[in-house]
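Fold and contact review
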Amino acid sequence: MIREKHYCGLDLGAQKIKAGILKVKDATQMELIGIYEQKTAGFRDGAVSDLGELSDCIHATVHTLLQKTNLKLKEVQLGVGSELIEIREGGTTIPLVDRTNKIITQRDMKKVNDQARLLSLKMDEEILHDLPQQYLVDEVNKALNPGGLYGRKLGVQSLMIFANTNRIRNIVRAVHQAGYEVPNIFFASYAAGEVALDDAERAQGRVLIDIGARATSVLLFQNNILRRLKKIEIGGDTFTRGIAEQLNLPLDLAEEIKRSYAATLEAYHSNDEEILVKRDSAYKPVKGKDICAAIEPQIQELLENIQNVLREFGVLDDLEMGIVMTGGGSLLTGLIERVSQATRHPARLTRMNVTSARSPGNAALFAGVVGLAKSGFKQSLRYALSPDGHWRANLANRFRELYHEYF
Ligand SMILES: Nc1ncnc2c1ncn2[C@@H]1O[C@H](COP(=O)(O)OP(=O)(O)OP(=O)(O)O)[C@@H](O)[C@H]1O
Ligand SMILES: [Mg+2]
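Computed from a predicted structure; not experimentally measured. (Residues numbered from 1 in each chain as written. Chains lettered and ligands numbered in written order. Predicted model: local features only at pLDDT ≥ 70, side-chain atom pairs only at ≥ 80, totals over all residues. Heavy atoms only, no water.)

Of all 7 residues that make up strand E15 (residues 216-222), 6 are buried, and the element is covered over most of its length. With 6 bridges connecting them, strand E14 (residues 206-211) and E15 associate as antiparallel partners. By the bridge assignment for E15, Ile-211 is matched with Thr-216. Here E14 hands over to E15 after 4 residues, the two strands then running antiparallel side by side. Where E15 hands over to strand E16 (residues 225-232), the hairpin turn is made up of 2 residues, of which Asn-223 adopts a positive phi near 50 degrees. (Buried < 20%, exposed > 50% of the residue type's maximum accessible area, 1.4 Å probe, protein only. Helix = DSSP H or I, 4+ residues; strand = E, 2+ residues; numbered from the N terminus. Pairing = 2+ DSSP bridges.)

Attention now goes to the packing of aromatic side chains. All chains considered together, the criterion is met by 2 aromatic pairs. Judged by centre distance (6.2 Å) and plane angle (5 degrees), the rings of Tyr-190 and Phe-221 are stacked. Residue Tyr-190 is found in helix H4 (residues 188-196), and its partner Phe-221 is found in strand E15; the two are separated by 31 residues along the sequence. For the pair formed by Tyr-190 and Phe-221, the shared burial category is buried. (Phe/Tyr/Trp six-rings, centres within 6.5 Å; stacked < 30°, edge-to-face > 60°.)

Attention now moves to the domain arrangement of the chain. With domains assigned, the chain is organised as domain 1 (5-83 + 166-198 + 351-385), domain 2 (85-164) and domain 3 (232-349). Taking the mean C-alpha position of each, domain 1 and domain 2 sit 30 Å from one another. At the junction of the two partners, domain 1 supplies 11 residues and domain 2 supplies 8 residues. A buried area of about 820 Å², summed over both sides, lies between domain 1 and domain 2, and 66% of it is on carbon and sulfur atoms. Our count for the contact surface shared by domain 1 and domain 2 stands at 0 salt bridges. At the surface where domain 1 touches domain 2, the tally comes to 5 residue pairs in polar contact (both at pLDDT 80 or more). Residue assignment for the side of domain 1 that touches domain 2 shows that the elements contributing at least two residues are helix H3 (165-178) and strand E13 (181-187). Tallied by class, residues from the side of domain 1 that touches domain 2 come to 6 nonpolar, 3 polar and 2 charged. (Domains from an automatic or database assignment. Contact = heavy atoms within 4.5 Å. Buried area = accessible area lost by both parts, 1.4 Å probe. Salt bridge = Lys/Arg side-chain N within 4 Å of Asp/Glu carboxyl O. Polar contact = N/O pair within 3.5 Å; in protein donor to acceptor, adjacent residues only side chain to side chain. Nonpolar A, V, L, I, M, F, W, Y, C, P; charged D, E, K, R; others polar.)

The next subject is the pattern of salt bridges. Per the stated rule, a full pass over the model turns up 22 salt bridges. Two residues, Glu-194 and Lys-378, come together in a salt bridge whose shortest N-O distance is 3.1 Å. Taken together, the residues Glu-194 in helix H4 and Lys-378 in helix H10 (residues 363-385) connect sequence positions 184 residues apart. What makes Lys-378 partly exposed here is its relative accessible area of 29%. A salt bridge links Arg-259 to Glu-255; the nearest nitrogen and oxygen atoms lie 2.7 Å apart.

Once that is clear, we can look at the sheet that holds strand E7 (residues 85-95). If you trace the 4 strands from one edge of the open sheet to the other, you get E7-E12-E9-E10, paired in antiparallel fashion. Across the chains shown, the open sheet's two edge strands, defined by having one partner strand only, are E7 and strand E10 (141-143). Averaged over all pairs of adjacent strands, the angle between their axes in this sheet comes to 30 degrees, without regard to strand direction. Taken together, the 11 bridges between E7 and strand E12 (residues 153-164) define a ladder with antiparallel strand orientation. Bridge assignment links Ile-85 to a residue of E12, and that residue is Ala-163. Contacting strand E9 (125-137) and E12, H3 runs over the sheet at an angle of about 55 degrees to E12. (Axes fitted to C-alpha atoms, helices over the stretch in contact; angles between N-to-C directions.)

Put simply, helix H6 (residues 236-246) and helix H8 (residues 288-313) touch, their axes get as near as 8 Å, and they point 140 degrees apart. By the angle between their axes, H6 is oblique relative to H8. Handedness of the H6/H8 crossing: right-handed. Contacts from Thr-238, Phe-239, Gly-242, Ile-243 and Gln-246 in H6 reach Ile-291, Ala-294, Ile-295, Gln-298, Ile-299 and Leu-302 in H8. Split by residue class, the contact of H6 with H8 holds 7 nonpolar, 4 polar and no charged. (Parallel < 35°, antiparallel > 145°, perpendicular 65-115°, else oblique. Left-handed = near helix turned anticlockwise from the far one by under 90°.)

By volume, the second largest pocket amounts to about 740 Å³. If you go around the second largest pocket, you meet 40 residues; those closest to its centre are Ile-211, Gly-212, Ala-213, Gly-327 and Gly-328. Counting residues per element, the ones that place at least two in the lining of the second largest pocket are strand E1 (5-12), strand E2 (16-26), H4, E14, H6, helix H7 (251-261) and H10. Residue classes in the lining of the second largest pocket are distributed as 14 nonpolar, 15 polar and 11 charged. (1 Å grid on protein atoms, 1.4 Å probe; cavity = no way out; pocket = protein on both sides within 12 Å on 5 of 7 lines; lining within 4 Å. Points joined across faces, edges and corners; volume = space filled by probe spheres on them.)

The subject of this paragraph is the sheet that holds E2. Reading across the sheet, the 6 strands line up as E13-E6-E1-E2-E3-E21 and stay open at both edges, with mixed pairing between neighbours. A single partner strand is all that each edge strand has here, and the edge strands are E13 and strand E21 (355-356). Direction of pairing for E1 relative to E2: antiparallel, over a ladder of 8 bridges. Across the sheet, Tyr-7 pairs through a bridge with Leu-22, a residue of E2. The strands that helix H1 (residues 51-69) touches are E1, E2, strand E3 (29-39) and strand E6 (75-80); relative to E3, the one it contacts most, it runs at about 140 degrees.

This brings us to the site of ligand 1. Taken together, the neighbourhood of ligand 1 is formed by 20 residues, with Ala-14, Lys-18, Asp-237, Glu-255 and Lys-258 sitting nearest. Between ligand 1 and Glu-255 there is a distance of 2.4 Å, counted from an oxygen atom to a side-chain nitrogen or oxygen. Measuring from an oxygen atom of ligand 1, one finds a backbone N or O atom of Gly-328 at 2.9 Å. Burial of ligand 1 by the protein amounts to 90% of the accessible area it has alone, namely 660 Å². (Near = heavy atom within 4 Å. Areas by Shrake-Rupley, 256 points an atom, 1.4 Å probe, with all protein chains shown as cover.)

Structure (structure tokens):
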């Protein structure tokens, strides 16, 4: 039986650092214990711009959360945003034997995966996720899990998510300086899928759209794995900039107005109601419809991009496919309905599929950190089953594999 353990997710977003702690009994019993977020100025355009400021901010965020929850943890499951990642598909084929056939083992699968990864990896990159999509036995037989099949050649096609090595090193350095270890690094939007979608949805097929501050990630989950991933360079801050420019307002005021008054539904476009906006110690009236008009071009651009990505994924006309939206940007009033109209798919805001004694916070903002904590737990299960796991089970497995390899 697995002991009750706590996992802390740390999401280094473009706008905010967020942390969350999950208490995990087993794969079905997880409880969200606490969440906390803080703004940072030490992290810009996906890179560390001020190491001291960033590590102070990470320390303050995690430390506050640990104090609030009365816990002592040394490790954080780190998540990075879409600005840091590169997505590529890659693959290769390796020979298994000279003559006849052999039974394909887990070792063969690992060998072909390692080979495909090495071929795709650039000198200054490291891999965050290597997701085999399909194996090919003897160039004809497609298999999701070829272990136990006979074959002479084994091929793989994978979806890989990379990040720049130095950028990652600098971020990890900031976390170390803050006083915490980093056992795992994940792409935060991918990790969000762990809690935003349940098992049935991941198997059946769902599109997860994460609208962050600077960018949007579109992820297609099908047959329990991430099939496709695409970035769109429009995020919640793009709407804020639209309001600031069109209404000639400073960014922080535009941000406040966006959250309280901006909306993307048709009904709001004829809204003549005025709000008073404080500008240079005077109040200036702004009409509701002008706020909506200020963000409409960016909304249109985002919707067109989402349509194009779904078309590229081959799911735009698949009406069964539902969309789940997450990230702070998806909280803009009416945006979910607009995405649903534009794609003709049902769309809903994310939920967090974990229990919580207190209010779990806004799921759109915190699905990422909770997903990171859950990914950390799942990774620890994988380690337990890996060659470093239980020696007796591994030894028996290795003997079985050796037998297949030579006889
Ligand atoms: N209630 C709201 N209404 C509209 N927009 C909102 C609301 N709350 C947050 N946002 C917007 O969400 C964005 C931040 O979202 P989020 O916290 O998911 O980003 P992040 O994780 O820091 O960034 P990224 O994922 O790009 O690295 C900002 O642009 C913010 O203005
Ligand atoms: Mg994010």
